[in-house]
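# Structural characterization, general
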Amino acid sequence: MKREIFLLKLFFFIYFSAWVFIFSFIPVYLREVKNFSIGMIGVLSAISSLSGALFQVYIGYLSDKFGKRKPFILIGFIVLILIYTFIFPSLKNFWSFLIVYFIVGIFTSTITTMANVLVMDYAVSERTGSHYASIRIWGSIGFLLVMLATGFYPKLVEPKVMFLMIGLIYLLGFILSIVIKESPVKTGISKVDFRSVKKIILKPEVRNFLIFYVIYFIALLGASSNVNLLIRSLGGESKHISFAYSASSFSEIPFMLIWGYLSDKLGRKPILIFTSIALPIRIFLYTLTNNPWHIILIQFMHSLTFAVIGTIPIVYMNDLVPPEERATAQGLLGMAMALSSTLGPAISGFVADLFGLPGMYRFLTFVSLISTVLAITSLKESKNRVSS
């Protein structure tokens, strides 16, 4: 058990370190090398998320049916290694990028969802909030260390080096996935079919949570995914992007553990309401800045937003459904995140093309306020609060 928990921490460390390049610097590459507009970049991100949304519930269902997680992860790594190492650098036009982003979205979402389920398979007590957070935090540590490395060694984000780095990181993830053993006890092996999906969605507490989650994530992802381009528009350099994302990762690491612990002690609902209040404040602050260094300071609020929404919903969703439906529920949650990831970048990119980045951030402030109202009025406490 201890061996597998250690390997899962290492897996998250490796897997999320590649996201430094994929989500922070590839958009800059598309903007400055391929001359794509912010709206076009948003569409690419949206199509990737849409493909993940379309496939994740079915993949979760197949995982439950066959009682296996690793094969889906291994296949995902093989496809992503081939794409980022050999295909992505040679793409020429927007339409070829659309096709590749559609494929990338399927397999990125697959790995993320199945990794989350693997972690929950090894949950050994009711303290699932702190259990998941103690593993997921290593993804943030990996992201932080690689991001800091790009700040001190800017050559790492040059296209020829960047795509090779992504391939090598995913190769390490593939090798580690082979070594990890699956838990003999599954959180979601069952006679689950798509009637179970309907059954889960029809639960008012699940439905209300998913609506809140989607709207919250639309605002958060629309805002955070354009921080790099906002920095560039203010005259910032690659080091400013690196340090901005490093600040967000550094701040979220201890708070992932804190929020996981507090959610076990106080319940999930108070934590979710708190983060719904913090988000519009964070997004509005982006509209007031005209200096790249100010953005770095705002990024520390990642500890109050992403550190919550990146961990607590996983365990909150598990609380709301019986054990035999958890993998399917996680697939639904992954689909909800993918749908919001589809809408967030697409809408924010469209608004940015029309009104500029400051106008986009004002719009997203309004969207995030809707999630605040929903959190306060519709979320219910889940069953799994631990008080001792």
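So, here is what we can say about the structure in this document. Note that the structure is a prediction, hence the values are computed from the model and not measured. (Residues numbered from 1 in each chain as written. Predicted model: local features only at pLDDT ≥ 70, side-chain atom pairs only at ≥ 80, totals over all residues. Heavy atoms only, no water.)

### Topic: the overall build of the chain
- A tally of helices and strands in the chain yields 16 helices and zero strands.
- Its C-alpha atoms give the chain a radius of gyration of 19 Å, within 12% of the compact-globule value 21 Å for 388 residues.
- Principal axes of the C-alpha set define a box for the chain whose edges measure 50 × 45 × 35 Å.
- Going through the 388 residues of the chain one by one, you find that 62% of them count as buried.
- Sequence separation of at least 24 residues holds for 87% of the intrachain contacts in the chain that already meet a minimum separation of 6.
- Carbon and sulfur atoms make up 72% of the accessible area of the chain, which totals about 15,500 Å².
- Where the 33 positive side-chain charges of the chain centre and where its 17 negative ones centre are 1 Å apart. (Helix = DSSP H or I, 4+ residues; strand = E, 2+ residues; numbered from the N terminus. Rg over C-alpha atoms; globule rule 2.2 N^0.38 Å. Buried < 20%, exposed > 50% of the residue type's maximum accessible area, 1.4 Å probe, protein only. Contact = heavy atoms within 4.5 Å. Areas by Shrake-Rupley, 256 points an atom, 1.4 Å probe, with all protein chains shown as cover. Lys, Arg positive; Asp, Glu negative; His and termini not counted. Charge placed at Lys NZ, Arg CZ, Asp CG, Glu CD.)

### As for the packing of helix α1 (residues 2-17) against helix α2 (residues 19-32)
- One can describe the packing of α1 onto α2 by two numbers: an axis separation of 5 Å at closest approach and a directional angle of 25°. The orientation of α1 relative to α2 falls into the category roughly parallel. Together, Tyr-15, Phe-16 and Ser-17 of α1 and Trp-19, Val-20 and Phe-21 of α2 make up the contact between the two elements.
- Class assignment for the residues of the contact of α1 with α2 results in five nonpolar, one polar and no charged. (Axes fitted to C-alpha atoms, helices over the stretch in contact; angles between N-to-C directions. Parallel < 35°, antiparallel > 145°, perpendicular 65-115°, else oblique. Nonpolar A, V, L, I, M, F, W, Y, C, P; charged D, E, K, R; others polar.)

### What to know about the pattern of salt bridges
- Evaluated as defined, the whole model comprises five salt bridges.
- For Arg-3, the salt bridge goes to Glu-4, with nearest N and O atoms at 2.3 Å.
- A residue is classified by how much of its surface remains accessible, and Arg-3, at 41% relative accessible area, is partly exposed.
- Taking the relative accessible area as the measure of exposure, Glu-4 reaches 6% and is therefore buried.
- One salt bridge connects Arg-268 with Asp-319, and the closest N-O pair in it is separated by 2.7 Å. (Salt bridge = Lys/Arg side-chain N within 4 Å of Asp/Glu carboxyl O.)

### Examining the side chain of Ser-303
- Residue placement: Ser-303 occurs in the loop between α13 (292-298) and α14 (306-309).
- Assessed through its relative accessible area of 6%, Ser-303 is described here as buried.
- Those residues in contact with Ser-303 that sit more than four places away from it in its chain are Ser-251, Glu-252, Phe-255 and Trp-259.

### Some words on α1
- When the terminal C-alpha atoms of α1 are compared, their 23 Å separation across 16 residues agrees well with the 22 Å that a helix rising 1.5 Å per residue should span.
- Among the residues making up α1, those that are buried are Glu-4, Ile-5, Leu-7, Leu-8, Phe-11, Phe-12, Ile-14, Tyr-15, Phe-16 and Ser-17. (Expected span 1.5 Å × (residues − 1).)

### Here's the deal with the packing of aromatic side chains
- Under the definition given, this model contains 29 aromatic pairs.
- Each ring, one from Tyr-84 and one from Tyr-170, has its centre 6.3 Å from the other, and the planes form 50°; the classification is tilted. Taken as a pair, Tyr-84 in helix α4 (residues 70-87) and Tyr-170 in helix α7 (residues 159-179) lie far apart in primary sequence, 86 residues in all. For the pair Tyr-84 and Tyr-170, one class covers both residues: buried.
- Ring plane angle 40° and centroid distance 5.7 Å describe the contact between Phe-209 and Tyr-213, whose orientation is recorded as tilted. With a gap of four residues between them, Phe-209 and Tyr-213 both fall in helix α9 (residues 204-224), about one helical turn apart. For the pair Phe-209 and Tyr-213, a shared accessibility class is recorded, and that class is buried. (Phe/Tyr/Trp six-rings, centres within 6.5 Å; stacked < 30°, edge-to-face > 60°.)

Purely spatial values, then, with no claim about function.
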